[in-house]
Amino acid sequence: YEFEIAGSDEYTAALQSGEAPKLDMHKSLILSQIKAEMRKIAIKPADQFEYVDRKDDGVISADELDTTLKNLGIRISEAEVHEFIDLFDQDGDGALDFEEFKGMLSVL
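Heads up: these notes are all about the structure in this document. The model shown is predicted, which means the values in this text are computed figures rather than measured ones. (Residues numbered from 1 in each chain as written. Predicted model: local features only at pLDDT ≥ 70, side-chain atom pairs only at ≥ 80, totals over all residues. Heavy atoms only, no water.)

Concerning the pattern of salt bridges
Turning to step 1, where the next piece is worked out: Within this structure, the stated rule accounts for 5 salt bridges.
Turning to step 2, where the next piece is worked out: Here lysine 27 and glutamate 83 are joined by a salt bridge, their closest N and O atoms 2.9 Å apart. In this pair, lysine 27 is assigned in helix H2 (residues 25-40) and glutamate 83 in helix H5 (residues 78-88), connecting sequence segments 56 residues apart.
Turning to step 3, where the next piece is worked out: Assessed through its relative accessible area of 14%, lysine 27 is described here as buried.
Turning to step 4, where the next piece is worked out: As a salt-bridge pair, glutamate 99 and lysine 102 come within 3.5 Å of each other at their nearest N and O atoms. With a gap of 3 residues between them, glutamate 99 and lysine 102 both fall in helix H6 (residues 98-106), about one helical turn apart.
Turning to step 5, where the next piece is worked out: Here the salt bridges do not stand alone but share partners, grouping Asp24, Lys27 and Glu83 into one network. (Salt bridge = Lys/Arg side-chain N within 4 Å of Asp/Glu carboxyl O. Helix = DSSP H or I, 4+ residues; strand = E, 2+ residues; numbered from the N terminus. Buried < 20%, exposed > 50% of the residue type's maximum accessible area, 1.4 Å probe, protein only.)

Below, the structure written as structure tokens:
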């Protein structure tokens, strides 16, 4: 069987081409803050997903990401939280699994 992908979101297209997704300066700054704040409270990279996945269900919802960001002292709008989820959510389930979250933090 042969198939062709008719269309994809910006992140998926970037992954398929081997490029990292392009982030605007504001999103890059927020990701830098997330990483810095997690380092400050000594969350090892291997434990970061579990720290954010508060329901322990294997995915990070927009609510979980928003709660974590607030706990880290990072204030962004609900719309921006959803933009981050949409940008890195490869499978379109509305949440970030481990690989998608790892991809989000590795962009910088």
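A few points about helix H4 (residues 62-71)
Turning to step 1, where the next piece is worked out: Every buried residue of H4 is accounted for by Ala62, Glu64, Leu65, Asp66, Thr68 and Leu69.
Turning to step 2, where the next piece is worked out: Positive backbone phi, approximately 85°, marks glycine 73, located one or two places after H4.

A closer look at H2
Count 3.6 residues to each turn of an α-helix, and residues three or four apart come out pointing the same way.
Turning to step 1, where the next piece is worked out: With 16 residues, H2 should cover 22 Å at 1.5 Å per step; its first-to-last C-alpha distance of 22 Å lies within 8% of that length.
Turning to step 2, where the next piece is worked out: Considered for burial, the residues of H2 that qualify are Lys27, Ser28, Ile30, Leu31, Ile34 and Met38. For H2, the buried positions fall inside an angular range of 165° around the axis, keeping them on one side. Exposed residues pointing more than 90 degrees away from the buried face of H2 are listed as Met25, Leu29, Arg39 and Lys40.
Turning to step 3, where the next piece is worked out: Packed against the buried residues of H2 are helix H3 (48-52), H4, H5 and H6. (Expected span 1.5 Å × (residues − 1). Arc of directions from axis to C-beta. Contact = heavy atoms within 4.5 Å.)

What to know about the packing of aromatic side chains
Turning to step 1, where the next piece is worked out: Evaluated as defined, the whole model comprises 2 aromatic pairs.
Turning to step 2, where the next piece is worked out: Look at phenylalanine 49 and phenylalanine 98: their rings are 5.6 Å apart centre to centre, the planes differ by 80°, and that puts the pair in the edge-to-face class. Note that phenylalanine 49 is positioned in helix H3 and phenylalanine 98 in helix H6, a separation of 49 residues in sequence.
Turning to step 3, where the next piece is worked out: Across from the ring centre of tyrosine 51, 5.1 Å away, lies the NZ or CZ of arginine 54, which sits over that ring. (Phe/Tyr/Trp six-rings, centres within 6.5 Å; stacked < 30°, edge-to-face > 60°. Lys NZ or Arg CZ within 6 Å of the ring centre and 35° of its normal.)

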